[in-house]
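# Structural description and commentary
Each chain is listed here by its residues.
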Amino acid sequence: MRTNRLATGAGAIAMTVTLAACGANAGGGAEGDDGQNGQGEAPLGSVGVILPETSSSSRWEGFDKPMLEEALRAEGFDPDVQNAQGEVQKFSTLADGMIARGVEVLIIASINSEVGSTVAAEANNAGIPTIDYDRLNLGGSSDYYVSFDNVRVGELQGEGMAQALEGQEGAEVVEIEGAPTDNNATLFHEGQRNVLQPLYDSGELELVRSEPIDNWDNQRGGTIFEQVLTANGGSVDGVVAANDGLAGAVITVLRKNGLAGTVPVTGQDATPAGLRRILRGDQYMTVFKPIKKEAEATAELAAALAEGDRAAADELAGDVTEDPEGDREVASVLLEPHLITRDNVKRVVDEGYVDASDLCVDDLVDDCEELGIS
């Protein structure tokens, strides 16, 4: 059993002056299989899913939505997957509608812990079990949580940066982190520092600035990075960017200053754009999170809850996550992330998360051929 200790949202990042995220996979079940019982009704009834937004990462609509729909149909549900587009009021309104319709299970990937916890409480009061998907709602009441090992995600980013800057004594690093209201961002940062703090302490690397970016806003991330770069004399040796969206914003600034390709930048989510930047040499690494596994684990857990089989649900959720704000332990499924550099971009294609045609464009045809990507 693994235990994942969660920090307390904004505070943990702010105290250190300080991070979700893919391609356009098509979802849906096998041809002729609508996941129903042949009489127009799903055996397990309807399940509601609320995703947070689309602006910070393409993963939510490109991966999570189709993969959740497919996995939930395979378990016998009629899924209703909606996206709140970053609007707290819309998130609440979508939840109210699903609760009023009496969904069997409500799956929530919340914008922040406050709205997520409120929605979970309302659903539980209506007798509807809830699953926190990808992001745990601190101080919430969901009995189950499905995500990746988010501290490990951050550790992989730290390992990537340490690898890229190996031998560069005193190399200057800037950290561009995720939203301080997203607990995952806190965990990513915790994992990064597990690897990088000893290097900062020893002087092998030098931390210039660590900045959180509200709402995972890529444009704001680029603006803040440009300000930090300017204040540092127009140079930097490495950038820890919390996801591929922020990495892209950082690289735009680096390119503007003639530094793209010379400064290693981390990322997360193995998005097509991020992978193309890796192939071009502008981004050093990303973190690949096999979202299909996350969707399938969530669907299995939802099916057990819809059938009232708590023992089966507990068996599926064999990990534990501590929620310090709620002073509770949450039964969890924590999946393993993977570090992706140029040498193993092919893995993301081979596992069906990104089409080779999305990567092997124009100037990258020769790179793809060299790496066996087809």
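Our subject in this report is the structure included herewith. Keep in mind that this is a model prediction, so the values were computed, not measured.

## Some points on the packing of helix 3 (residues 88-101) against helix 4 (residues 113-125)
For the pair helix 3 and helix 4, interaxial distance at closest approach is 10 Å and the crossing angle is 15°. The pairing of helix 3 with helix 4 is recorded here as roughly parallel in orientation. Seen from above, helix 3 lies across helix 4 with right-handed handedness. Residues Val-88, Phe-91, Ser-92, Ala-95, Asp-96 and Ile-99 of helix 3 touch helix 4, and the partners they reach there are Val-115, Val-119, Glu-122 and Ala-123. Classifying every residue of the contact of helix 3 with helix 4 by side-chain character gives 7 nonpolar, 1 polar and 2 charged.

## Comments concerning the packing of aromatic side chains
Using the criterion set out here, one finds 3 aromatic pairs in the structure. Pairing Phe-188 with Trp-216 gives two aromatic rings, centres 6.4 Å apart and planes at 70°, and the pair type is edge-to-face. With Phe-188 in helix 6 (residues 183-202) and Trp-216 in the loop between strand 8 (205-212) and helix 7 (218-231), this residue pair connects regions lying 28 residues apart in the sequence. In this pair, the class of Phe-188 matches that of Trp-216, namely buried. In this structure an aromatic cluster arises from ring pairing among Phe-63, Phe-288 and Tyr-353.

## Considering the state of the cysteines
Within the structure shown, the criterion is met by 1 disulfide. One disulfide in the model links Cys-360 with Cys-368; its S-S distance is 2.2 Å. Between Cys-360 and Cys-368, the S-S dihedral sits near -100°, and the bridge is therefore left-handed. When its relative accessible area of 1% is taken as the criterion, Cys-368 is described as buried.

## Details of the nonpolar core
Core analysis: the largest hydrophobic core is formed by 51 residues, its most contacted members being Leu-72, Ile-107 and Leu-275. Of all the elements, helix 10 (residues 291-306) adds the most residues to this core, at 9 residues. Beyond its immediate chain neighbours, meaning those up to four positions away, Leu-275 contacts Ala-270, Thr-286, Ile-340, Val-345, Val-348, Val-354 and Leu-359. With 28 residues, the next largest nonpolar core counts Phe-188, Trp-216, Phe-225 and Ile-251 among its residues.

## Points about the pattern of salt bridges
Tallying each qualifying case throughout the model produces 22 salt bridges. For Lys-289, the salt bridge is made with Asp-269, and the minimal N-O distance between the two is 3.7 Å. Taken together, the positions of Lys-289 in the loop between strand 10 (286-288) and helix 10 and Asp-269 in the loop between helix 8 (244-256) and helix 9 (272-280) put the pair 20 residues apart, joining distant regions of the chain. You'll find Lys-289 and Asp-269 in the same group, each marked buried. When the shortest N-O distance is used, the salt bridge between Arg-328 and Asp-323 registers 3.0 Å. Each member of the pair, Arg-328 as well as Asp-323, carries the same accessibility label: buried.

## Thoughts on the pairing of strand 9 (residues 238-241)
The two faces of strand 9 match: Gly-238 and Val-240 on one face and Val-239 and Ala-241 on the other face are all buried. Direction of pairing for strand 7 (residues 171-177) relative to strand 9: parallel, over a ladder of 4 bridges. Within strand 9, the position partnered with Glu-175 by the bridge is Val-240.

Conventions adopted
- Residues numbered from 1 in each chain as written.
- Predicted model: local features only at pLDDT ≥ 70, side-chain atom pairs only at ≥ 80, totals over all residues.
- Heavy atoms only, no water.
- Axes fitted to C-alpha atoms, helices over the stretch in contact; angles between N-to-C directions.
- Helix = DSSP H or I, 4+ residues; strand = E, 2+ residues; numbered from the N terminus.
- Parallel < 35°, antiparallel > 145°, perpendicular 65-115°, else oblique.
- Left-handed = near helix turned anticlockwise from the far one by under 90°.
- Contact = heavy atoms within 4.5 Å.
- Nonpolar A, V, L, I, M, F, W, Y, C, P; charged D, E, K, R; others polar.
- Phe/Tyr/Trp six-rings, centres within 6.5 Å; stacked < 30°, edge-to-face > 60°.
- Buried < 20%, exposed > 50% of the residue type's maximum accessible area, 1.4 Å probe, protein only.
- Disulfide = S-S within 2.5 Å.
- Core = buried A, V, L, I, M, F, W, Y, C linked by side-chain atoms within 4.5 Å.
- Salt bridge = Lys/Arg side-chain N within 4 Å of Asp/Glu carboxyl O.
- Pairing = 2+ DSSP bridges.

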